[in-house]
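For reference, the chains in residue letters:
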Amino acid sequence: LIDTFNRQHDYLRISLTEKCNLRCFYCMPSEGVDLSPKDHILTDDEVLHLATLFVKSGVTKIRLTGGEPTVRKGIDVLIERLNALRGFGLKSIGMTSNGLALHRRLPKLVDNGLTHLNLSLDTLDPFKFALITRRDGHEAVLRSLETALSLPGLQSVKLNMVVIKGKNDMEVHDFVELTKERNMSIRFIEFMPFTGNKWDRSKMLSSSKIFDAIHHKHPNIVRLSDELNDTARTWQIPGYRGSIGFISSMSDHFCSSCNRLRLTADGQIKVCLFDNKEISLRDRIRNGATDQELLSLIDMAVKGKKEKHAGMDVLSTSANRPMILIGASSSLATHPPQSLTHIDSSGRPSMVNVGAKEVTKRVAVASGRIYVPKKAYDLVSHDPSVSARDDAASAKARRKGDVLSVAQLAAIMGCKRTSDLIPLAHPLSLSHVAVELRPEILQEGLSSRSQFCITCMATVETDGKTGVEMEALTAVSTGLLTIWDMLKAVAGKEMVIGDIMVNAKTGGKSGDFQRSP
């Protein structure tokens, strides 16, 4: 489980459910989120099967998450079964919980193998708790905390507080004081963009500012040594039993030492919290994949992990482009599902069901251009004035054949292979494909400067239940790419492909379309 940046992954977070019994405003919309169908959720046997593969591959730490993991029935038995993996190298089983329904069940969970517990609590004020979570239950969470601290079998108890400017930042010092008499860790977490939480950078209080406020009151605070892959930087006030930590997911990421992999409740492997790409292990298990095939799929996912935050600049990401979704696995799911025809109600990619549609004649016209320097234009347009020119690059281009004829053939072939190239496109029986390629000289605006280009136009027809716009676009794109390939010896650095568009379509429920000139 080593990625291309030499990070070894020995920590697996397993989501047991998408359901949660709270509605924290920073975590999900008040109405909740679309949940996956019950039969999409991993069974206990499937969870154990995959966990066994991960542990045998080097995972030593498993953490159970959600949603809210205690909502899942039989969690005590599942923990007991996971605990049996210690014989293969598993060292700890942790759980992250909101504590709402935990205090009575916790002793048995610990007896069955639970070793680490993280509780989420963002305020010590019962009234503010109801505002933040949109539910009652503050006292229940505090009871769970006290129960956890009383159980010697728990090796670690941590309390996670998401700090939001203007909401609960004035309680930071109150949380620090909890560590004075209690052997626990308070971890201050930066407010992150979750789908539906209307994230605003102005509401985010960076870890450095939180620390400065604590340091001002406790100037003798000292830094503790952190574990190799710990997400939090840990400090302690002399004389206090517990410690405090800072998780700066937004302002100062810890990607370089990331050792975490995630398994979603519906069986997708997720290599980064900020990455929407997922690979379904559940589907492979249910289709009879061998353990070696599953391990190869896991290895492929790990090797695809980006260096940091899925390759995106987190703080420059708009609040309207959420990075994390609690519930359904893809951030696309929270936008109205009907607005994206290829996304189902759980946020998964899905081919549009056209079974109920009528067969009608469908036609689509698309076009695009490749802009080339004059030398390349002359070669393609067969300008007599350059027929004698025989420099090495020109000769190489001519050896490839008639550029426009080859590109025309490639465009037709690409059109017919559209469903192989575009994952959710329907395979169609095409009745007609026509591709026209013509060299053109365009005038730039009001100036006399000329632009040399080759225009590709494709017309595609079918008698079917869905349109052929994608086929027309694929034809144009393939034709222009073929021209690029054939002329790159002459003008590789100067060519630009652009202006690819659907010009017209007829047929179908949405009606006819004609782009204005």
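Residues numbered from 1 in each chain as written. Predicted model: local features only at pLDDT ≥ 70, side-chain atom pairs only at ≥ 80, totals over all residues. Heavy atoms only, no water.

Peer 1: Describe the overall build of the protein chain, naming the residues involved and giving the relevant values.
Peer 2: Helix and strand content of the protein chain: 14 helices and 17 strands. Counting over 517 residues, the protein chain shows a buried share of 50%. Of the contacts made within the protein chain by residues no fewer than 6 positions apart, 70% connect residues no fewer than 24 positions apart. Carbon and sulfur atoms form 53% of the exposed surface of the protein chain, whose accessible area is close to 24,800 Å². (Helix = DSSP H or I, 4+ residues; strand = E, 2+ residues; numbered from the N terminus. Buried < 20%, exposed > 50% of the residue type's maximum accessible area, 1.4 Å probe, protein only. Contact = heavy atoms within 4.5 Å. Areas by Shrake-Rupley, 256 points an atom, 1.4 Å probe, with all protein chains shown as cover.)

Peer 1: Tell me what's going on with the nonpolar core, and back it up with residues and numbers.
Peer 2: The biggest cluster of nonpolar side chains holds 84 residues, and the ones touching the most others in it are Ile 62 and Phe 188. Of all the elements, helix α1 (residues 44-56) adds the most residues to this core, at seven residues. Within the second largest apolar cluster, 32 residues are counted, among which are Ala 366, Val 372, Ala 411 and Val 490. (Core = buried A, V, L, I, M, F, W, Y, C linked by side-chain atoms within 4.5 Å.)

Peer 1: Explain the confidence of the model for the protein chain to me, and be specific about the residues and the numbers.
Peer 2: Looking at the protein chain as a whole, its pLDDT mean stands at 83, while 81% of the residues score no less than 70. Note on residues 314-338: pLDDT is under 50 here. Beyond four places in sequence and across chains, it has 69 contacts. Note on residues 383-390: pLDDT is under 50 here. Beyond four places in sequence and across chains, it has seven contacts. (pLDDT = per-residue confidence, 0-100.)

Peer 1: Quick one: what's the story with empty space enclosed by the protein, residue by residue and with numbers?
Peer 2: Under the criterion given, the structure shown has one cavity of 30 Å³ or more. In this model, the largest cavity occupies a volume close to 40 Å³. Along its surface, the largest cavity is lined by Cys 415, Lys 416, Thr 418, Ser 419, His 426, Pro 427, Leu 428, Leu 430 and Glu 471. Contributions of two or more residues to the lining of the largest cavity are made by α12 (403-416) and α13 (418-421). Classifying every residue of the lining of the largest cavity gives four nonpolar, three polar and two charged. (1 Å grid on protein atoms, 1.4 Å probe; cavity = no way out; pocket = protein on both sides within 12 Å on 5 of 7 lines; lining within 4 Å. Points joined across faces, edges and corners; volume = space filled by probe spheres on them. Nonpolar A, V, L, I, M, F, W, Y, C, P; charged D, E, K, R; others polar.)

Peer 1: Residue-level account of unusual backbone geometry, with values.
Peer 2: In this model, Gly 66 is joined to Gly 67 through a cis peptide bond whose omega is 5 degrees. Counting through the fold element by element, Gly 67 comes out in the loop between β2 (61-65) and α2 (75-83). Phi angles above zero are rare outside glycine, and Arg 134 is one such case at about 60 degrees. Inspection of the secondary structure assignment puts Arg 134 in the loop between α4 (126-133) and α5 (138-150). Positive phi, normally seen in glycine, also occurs at Asp 499, with a value near 60 degrees. Relative to the elements of secondary structure, Asp 499 occurs in strand β16 (residues 496-506).

Peer 1: Residue-level account of the packing of helix α10 (residues 374-381) against helix α14 (residues 469-491), with values.
Peer 2: Where α10 meets α14, the axes come as close as 9 Å, and the angle between the chain directions of the two elements is 130 degrees. As judged from the angle between their axes, α10 and α14 are oblique. Once α10 is placed against α14, the crossing between them reads as right-handed. For the pair formed by α10 and α14, the contact residues are Lys 375, Ala 376, Leu 379 and Val 380 on the first element and Leu 487, Val 490 and Ala 491 on the second. (Axes fitted to C-alpha atoms, helices over the stretch in contact; angles between N-to-C directions. Parallel < 35°, antiparallel > 145°, perpendicular 65-115°, else oblique. Left-handed = near helix turned anticlockwise from the far one by under 90°.)

Peer 1: So what's going on with the pattern of salt bridges? Residues and values would help.
Peer 2: In the structure shown here, the tally under the stated rule is 17 salt bridges. Note that Arg 182 and Glu 146 form a salt bridge whose closest N and O atoms lie 3.4 Å from each other. Taken as a pair, Arg 182 in the loop between α6 (172-177) and β6 (185-190) and Glu 146 in helix α5 lie far apart in primary sequence, 36 residues in all. For Asp 283, the salt bridge goes to Arg 282, with nearest N and O atoms at 2.8 Å. What you see here is one network of salt bridges that share partners, running through Arg 369, Glu 436, Arg 438, Glu 440 and Asp 499. (Salt bridge = Lys/Arg side-chain N within 4 Å of Asp/Glu carboxyl O.)

Peer 1: With reference to specific residues and values, describe α4.
Peer 2: Among the residues making up α4, those that are buried are Lys 128, Phe 129, Ile 132 and Thr 133. Here the buried residues of α4 occupy an arc of 120 degrees about the axis, which is enough to place them on one side. The exposed residues of α4 that point more than 90 degrees off its buried face are Phe 127 and Leu 131. Turning to α4, the residues buried within the fold contact α5. Looking at where α4 begins, the residue whose side-chain oxygen comes 2.9 Å from the main-chain nitrogen of Phe 127 is Asp 125. Phi for Arg 134, located one or two positions after α4, is positive at around 60 degrees. (Arc of directions from axis to C-beta. Polar contact = N/O pair within 3.5 Å; in protein donor to acceptor, adjacent residues only side chain to side chain.)

Peer 1: Tell me about the sheet that holds β6, and please be specific about residues and values.
Peer 2: With mixed pairing, the 12 strands of this open sheet are ordered in space as β7-β8-β9-β6-β5-β4-β3-β2-β1-β10-β11-β12. If you trace the sheet from one side to the other, it starts and ends with β7 (222-223) and β12 (279-280), each paired once. One ladder, built from four bridges, connects strand β3 (residues 92-97) with strand β4 (residues 116-120); its direction is parallel. What sits directly across from Gly 94, in β4, is His 116. Docked against the sheet, α1 engages β1 (11-15), β2, β10 (260-263) and β11 (268-270), running at close to 170 degrees with respect to β1. In the packing of helix α7 (residues 207-217) onto the sheet, contacts are made with β5 (156-163), β6, β8 (233-236) and β9 (243-247), and the angle to β9 comes to roughly 155 degrees. (Pairing = 2+ DSSP bridges.)

Peer 1: I'd like to hear about the pairing of β9, residue by residue, with values.
Peer 2: Extensive coverage of β9 is indicated by the burial of five of its five residues. On β9, burial covers both faces: Ser 243, Gly 245 and Ile 247 on one face and Ile 244 and Phe 246 on the other are all buried. Sheet topology note: the β6/β9 ladder contains five bridges and is parallel. Note that in β9 the partner of Ile 189 across the bridge is Ile 247. Pairing analysis gives three bridges linking β8 to β9, with the strands arranged antiparallel.

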